[in-house]
Amino acid sequence: MFDVQNLSFSYFLGKAEFKALQDVSLNIPEGDFVTLAGPSGSGKSTLLSIMGLIENSPSQSVFYRDQDLHSLDELRKNKLRRHEFGFIFQHFYLFPVLSAYENVEYFLVKQGIPDAERKIRVEWALETVGLKDLSQKKPNELSGGQRQRVAIARALAKKPQVIIADEPTASLDSKTGRTILDYLLKINQDEKVTIVMASHDQMVLAASPRIIRLHDGRLET
Ligand SMILES: Nc1ncnc2c1ncn2[C@@H]1O[C@H](COP(=O)(O)OP(=O)(O)O)[C@@H](O)[C@H]1O
Ligand SMILES: [Mg+2]
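What counts as what
Think of each chain on its own: its residues are numbered from 1, step by step along the sequence as written. Naming scheme: in the order in which they are written, chains are lettered from A and ligands are numbered from 1. Owing to the predicted nature of the model, reporting of local features is limited to residues with pLDDT of at least 70; listing and counting of side-chain atom pairs is limited to 80 or more, with chain, interface and lining totals taken over all residues. With hydrogens and water stripped out, all remaining heavy atoms of the structure feed into the side-chain values. For helices the rule is a DSSP run of H or I covering at least 4 residues; for strands it is a run of E covering at least 2, with both sets numbered from the N terminus onward. Side-chain atoms within 4.5 Å are what join buried Ala, Val, Leu, Ile, Met, Phe, Trp, Tyr and Cys residues into a set we call a nonpolar core. The rule is simple: take the accessible area with a 1.4 Å probe, protein chains only, and divide by the maximum for that residue type; under 20% is buried, over 50% is exposed, in between is partly exposed. Between two residues, a contact is recorded if the distance between any of their heavy atoms is within 4.5 Å. Expected span of a helix, by definition, is 1.5 Å for each gap between consecutive residues, and there is one gap fewer than residues. Strand pairing follows a simple DSSP-based rule, namely that at least 2 bridges must link the two strands.

A. Expanded view of unusual backbone geometry. With a phi close to 65 degrees, Leu53 is a non-glycine residue in the positive phi region. On the secondary structure map, Leu53 appears in the loop between helix H1 (44-51) and strand E4 (62-64).

Written out as structure tokens, the structure reads:
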């Protein structure tokens, strides 16, 4: 699904170049569950943001289903971001004034999904993460783990091909983090959604089906 070939990526601060990724190559087949591991600053978020079209990739280095991400026009990139990629972040990024239900529904409204279909998807997504009974609660009425489950439901309701999760358990205690990981594993199994996650949480790594380690922007061999 993703094929990364000799990817190097730098941030420029004025004239100073900082090499965040150096010569990274990896392959993620459809249906995989892969965890990018490595200490803080090793390039995990940079790699995820290139794969998720948040950062631009250099030419001929990142392929998604055989398409060079670099060469896609903005329209196509937006389509992928909106329809095929679901995102989950450490800090949830829910709208505080919207209920759990409305947070999950929000992007479906923007996508123009018809009312009846939207209702089915939102209810299904909330049910999948065990939040059916809390759907009318606002984020500040929910625990951290419940908020992250809303964020997972929001990603899932898009019916994405891949979920990109950047440190999804880093704000949570280990027991709650374990629950979040179990939902991601279940979604991967039951819905066949490919999952690419970054984490430096030992509990997450211990339960991850496949780990790719980064160190100072390079793959560890
Ligand atoms: N927007 C940015 N501008 C400059 N440097 C950045 C930026 N984002 C990340 N970096 C640097 O790139 C390196 C890799 O960062 P990151 O991909 O966030 O690592 P990780 O997610 O593994 O902690 C770090 O040294 C970080 O300081
Ligand atoms: Mg990071």
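B. Expanded view of the nonpolar core. Val104, Ile152, Leu184 and Met197 are the most contacted members of the largest nonpolar core, which totals 36 residues. Secondary structure elements with two or more residues in this core: helix H3 (100-110), helix H4 (115-128), helix H5 (144-157), strand E7 (162-166), helix H6 (174-191), strand E8 (194-198) and helix H7 (202-206). The biggest single contributor to this core is H5, with seven residues. Apart from the residues lying within four places of it in its own chain, the contact partners of Leu184 are Phe33, Ile88, Ile152, Pro168, Ile195 and Met197. Counting residues in each nonpolar core, the second largest holds 29 residues, with Met1, Val34, Leu80 and Phe85 among its members.

C. Layout of H5. The end-to-end C-alpha separation of H5 is 20 Å, in line with the 20 Å expected for 14 residues at 1.5 Å each. Counting buried residues along H5, eleven of its 14 residues qualify, which places the element largely inside the surrounding structure. Against strand E6 (85-89), H3, H4, E7 and H6 lie the buried residues of H5.

D. Broad picture of H1. With seven of eight residues buried, H1 is to be regarded as a mostly interior element. Inspection of H1 places Lys44, Thr46, Leu47, Leu48, Ser49, Ile50 and Met51 among the buried residues, and these make up the whole buried set. Following H1 by one or two positions, Leu53 has its phi on the positive side, about 65 degrees.

E. A look at the sheet that holds strand E3 (residues 33-37). With mixed pairing, the six strands of this open sheet are ordered in space as E6-E7-E8-E3-E9-E10. At either margin of the open sheet sits one strand with a lone partner, and together these are E6 and strand E10 (218-219). Bridge count between E3 and strand E9 (residues 210-215): four bridges; the pairing is parallel. Bridge pairing links Ala37 to Arg213 in E9.

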